[in-house]
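Tertiary structure, described
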Amino acid sequence: RGCAAGARDNRRATREHPTVTYLAQALLAFCATALLIVWLRRPALRMNLVDHPGGRKRHGEPVPLTGGLALTAGFLLAVAVSFQALGDYTVLFACVALLAAGGLFDDLGELSPRAKLGLQVVAAVLMTSWGGHFLTTLGDLFGRGDVQLNHWAIPLTVFATVAVINGINMLDGLDGLAGGLVAAILGWFAWLAWVLADPNGLKLLVVLVGALLGFLFFNLPHRLRGKRRTFMGDTGSLVLGFVVVWFAIGLTQPPAGGAPPVLMLWIVGVVLFDVFTVTVRRVLRRRDPAAPDRGHVHHVLLRRGLSPGAVVAVIVGGNALLGGVGMLLWQVGVAPRWMLIAFLAIGLVYLWLFLFPARVLRLGRKRPG
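These numbers come from a predicted model, not from an experiment.

**Points about the overall build of the protein**
A tally of helices and strands in the protein yields 16 helices and 2 strands. Taken against the 2.2 N^0.38 rule, which gives 21 Å for 369 residues, the C-alpha radius of gyration of the protein at 20 Å falls within 12% of a compact globule. Principal axes of the C-alpha set define a box for the protein whose edges measure 60 × 55 × 40 Å. Taking all 369 residues of the protein together, the buried fraction comes to 49%. Once local pairs closer than 6 in sequence are excluded, the contacts in the protein between residues at least 24 apart make up 74%. Total accessible area computed for the protein in this model is approximately 17,600 Å², and 65% of it derives from carbon and sulfur atoms. Where the 34 positive side-chain charges of the protein centre and where its 17 negative ones centre are 11 Å apart.

In structure tokens:
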């Protein structure tokens, strides 16, 4: 409540920072990402760094898996011009580079699922043990003071990191879906960094959104894209998932963070709902929780009859709306425990709808006779 009350003073302080420079670096990231995607197309085809059609995949021809590599390189190139002012983010950049390298090997088919999971755990441990960047409190969830994690801090942070990374990876099934979701999440993070007067965090978020838009230019269907379609691959989903977790921690944990941790549930909402629902369904059916299937929310909505573009709009728009509602509840001073209760209520509705996809497919359809 105190942070919300002081938002006006924080915004006034943040206006003094050179936002034009941030936008210029974001434009640089956009252009660098776009140029790299175009330049990497032929090498990707020669190296077989492509996603082949078949099975659960809907595309009809091989598509280069260079989007994640390009947006990561474009982001790092754009922030390199002010790296000295971003020394606090050295661990973030190191982990991003590590995950990008591992994701590239995975996209080339050189990394096993177990090794990929191990890579995510290594990055999370580096973030917590080397960078000292981890969850220490869950906030005042029960009206009796902050819930301190103590010895559970690092294990819970590692678990949350792996869950979010894989949640974003699971939703990378339609053009513009994973990229659009992360863009919406980072957009709310940027607004939050502005409210909390965090100029370096704001700069990184704005620049990364610029790189992400450069990728989406070649991932979303439109005439200007032509035949230069690209996917982000695991390189992109690993990096973006990790960045989401990094800022979710940085914007909420003391001493720097000023937002309640429960707010992050609202901003990352659909990703958490989907990964939880799919995991519960697979466990109930006695299947491997990590095994791929067509039970994710975008698969269900496609079978319901929505077009791919409509599905992306519904999911990304729904997640952006959730984030907006969470922001509004925090700004008007709603207690964290009531924010949690409201979020869990929405989560139960989501679970009821999507735990068994046939239920969604039957909704609104007339029975014969």
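**Focus on the packing of helix α7 (residues 153-170) against helix α10 (residues 233-250)**
Where α7 contacts α10, the axes come no closer than 8 Å and their chain directions differ by 135°. By the angle class used here, α7 and α10 are oblique. With respect to the hand of their crossing, α7 and α10 are arranged in right-handed fashion. Here T157, A160, T161, V164, I165, I168 and N169 of α7 lie close against α10, whose contacting residues are D234, S237, L238, L240, G241, F242, V244, V245 and I249. Class assignment for the residues of the contact of α7 with α10 results in 10 nonpolar, 5 polar and 1 charged.

Reading the values: the criteria
- Counting restarts for each chain, with residues numbered from 1 along the sequence as it is written.
- Given that the model is predicted, a residue must reach a pLDDT of at least 70 before its local features are reported, and side-chain atom pairs must reach 80 or more before they are shown or counted; all residues, however, enter totals for whole chains, interfaces and linings.
- Calculated side-chain values reflect all of the structure's heavy atoms, with hydrogen atoms and water omitted.
- The way it works is that DSSP assigns letters per residue, a run of H or I at least four long becomes a helix, a run of E at least two long becomes a strand, and they are numbered from the N terminus.
- Between the two quantities, the radius of gyration covers C-alpha atoms and the globule rule is 2.2 Å times the number of residues to the power 0.38.
- The rule is simple: take the accessible area with a 1.4 Å probe, protein chains only, and divide by the maximum for that residue type; under 20% is buried, over 50% is exposed, in between is partly exposed.
- Note on contacts: a residue pair qualifies if any of its non-hydrogen atoms lie within 4.5 Å across the two residues.
- Where accessible areas are quoted, they stem from the Shrake-Rupley method and a 1.4 Å probe; at the residue level, only the protein chains shown are allowed to cover.
- We score Asp and Glu as negative and Lys and Arg as positive, and we do not count His or the chain ends.
- The atoms used to mark charge sites are NZ of Lys, CZ of Arg, CG of Asp and CD of Glu.
- Orientation is described by lines fitted to C-alpha atoms, with helices fitted over the stretch in contact, and by angles between N-to-C directions that extend from 0 to 180 degrees.
- Angles are sorted into four bins: roughly parallel if under 35 degrees, roughly antiparallel if over 145, roughly perpendicular if 65 to 115, and oblique for all others.
- The handedness criterion is simple: a crossing whose near helix is rotated anticlockwise from the far helix by less than a right angle is left-handed, and one whose near helix is rotated clockwise is right-handed.
- Think of it as three bins: nonpolar holds Ala, Val, Leu, Ile, Met, Phe, Trp, Tyr, Cys and Pro, charged holds Asp, Glu, Lys and Arg, and polar takes everything else, Gly as well.

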